[in-house]
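Chains, contacts and geometry: an overview
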Amino acid sequence: MRHFLDTIDLQRKELARVMELATQRQEVLGWPLADYGVALIFEKPSNRTRQSMEMAVVQLGGHPIFTRGEEVGFDVRETVEDITRIMAGYHAMIAARVFDHSVLERMASLNDVPIINMLSDKSHPLQSLADILTMREEFGSLKGKTVAWIGDYNNVARSLAEGCALEGAHIRLGCPSGYGASDDELARISALGAASISQSTSASQAADGAHAVHTDVFVSMGQESETERRLRDFAEFQVDDTVMAAAATDAIFMHCLPAHRGVEVTSEVIDGPASRVVRQAHNRMHAARGLLAFLCEVNDITKGDTK
Ligand code: CP
């Protein structure tokens, strides 16, 4: 059974297939999820991921059921395994946003239904699909393009780096000391097929010649107690006009959102002509639909099957 816990759960050709499905019209995709449910469990708040996944399920003919994390109570009301086995009887797939990535791994290890990661402490692979789709729309292909990440090498950055490596892009990380990727992680991303990967502690150096400049909030969900220290540590990593000036002519700015204007990015950049953040957010739905259609294909889920 095929799950989607990390971007690299897709091989290079499969990522291309997801991108193809993301751009196909409903007449071509059909209704592979007709008569099926898809469970969407959120241990953390969400706007884009919930709405885009719900609509993607609907567009494939299925019925999404949103559930808050405390309602299922992973390992509180009952075990992760019991929850998964029970919900697998109602749904063609289960998607979850979790604090701890190992919860997703335990769910997937049962191989009852495909499990989809809607964000964990380790990765945010659905976001990476939308990021890649948006950059493909801009550049045609990411092969040989330079993608810069400014800020914390966090779950979003890790998934983006995996996707960019599969696409054959050059990856430039600009992270404060202590917030970057380890040498082992840089080697792992390189081995996935990145044209190159390098890391510095300078935002402008990372952005130098980049075709796309990405960033994320400096304080993620669950890190609120570290706010003061993180804002101090990331003070030199705001994406502003100076950072964008170091990038290639016509470089685009991207952010997974929600954003904090005046903190990790200036209003001039995120609301300016280089910004693609709205398109990137809209692409969450198209990318999710492509991923769900792909999981239907590879797991042989077709309209009319009975569970
Ligand atoms: N980018 C993202 O995952 O947004 P939400 O937290 O609103 O889902």
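As the structure is a computational prediction, the values presented were derived from the model and not from experiment.

For the rest of this paragraph, the subject is the confidence of the model for the protein. Of the residues in the protein, 98% reach a pLDDT of 70 or more, and the chain-wide mean stands at 97. Taken element by element, the predicted model of the protein shows its lowest mean pLDDT in helix α2 (residues 26-29) (91) and its highest in strand β4 (residues 115-117) (99).

Another point: the sheet that holds strand β3 (residues 91-97). Read from one edge to the other, the open sheet built from four strands follows the order β2-β1-β3-β4, with strand pairing classed as parallel. The outermost strands of the open sheet, each flanked by one partner alone, are β2 (63-68) and β4. When the angles between neighbouring strand axes are averaged without regard to direction, this sheet yields 20 degrees. In this sheet, β2 lies alongside strand β1 (residues 37-42) in parallel orientation, the contact comprising six bridges. Bridge pairing in β2 places L40 opposite F66.

The next thing to look at is the pattern of salt bridges. Taken as a whole and judged by the stated rule, the model has 21 salt bridges. Where R230 meets D152, a salt bridge forms, and the shortest distance between an N and an O atom there is 2.4 Å. Here R230, found in helix α11 (residues 227-233), pairs with D152, found in the loop between β5 (146-150) and α8 (155-166); they are 78 residues apart in sequence, far enough to count as distant. Close ionic contact of E185 with R158 constitutes a salt bridge, the shortest N to O distance being 3.8 Å. Of this pair, E185 sits in helix α9 (residues 183-191) while R158 sits in helix α8, placing them 27 residues apart in sequence. A network of salt bridges, in which partner residues are shared, links D152, E226, R229, R230 and D233.

Our focus in this paragraph is the nonpolar core. Counting 61 residues, the largest nonpolar core has L33, M93, I116 and L129 as its most contacted members. It is helix α14 (residues 277-298) that contributes the most residues to this core, eight residues altogether. Beyond its immediate stretch of four places on either side in the chain, L33 contacts V38, V57, L60, G61, G62, A92, M93, C296 and I301. If you look at the next biggest cluster of nonpolar residues, it comprises 23 residues, including A203, A210, V213 and V269.

Quick notes on the rules
- Residues numbered from 1 in each chain as written.
- Predicted model: local features only at pLDDT ≥ 70, side-chain atom pairs only at ≥ 80, totals over all residues.
- Heavy atoms only, no water.
- pLDDT = per-residue confidence, 0-100.
- Helix = DSSP H or I, 4+ residues; strand = E, 2+ residues; numbered from the N terminus.
- Pairing = 2+ DSSP bridges.
- Axes fitted to C-alpha atoms, helices over the stretch in contact; angles between N-to-C directions.
- Salt bridge = Lys/Arg side-chain N within 4 Å of Asp/Glu carboxyl O.
- Core = buried A, V, L, I, M, F, W, Y, C linked by side-chain atoms within 4.5 Å.
- Buried < 20%, exposed > 50% of the residue type's maximum accessible area, 1.4 Å probe, protein only.
- Contact = heavy atoms within 4.5 Å.

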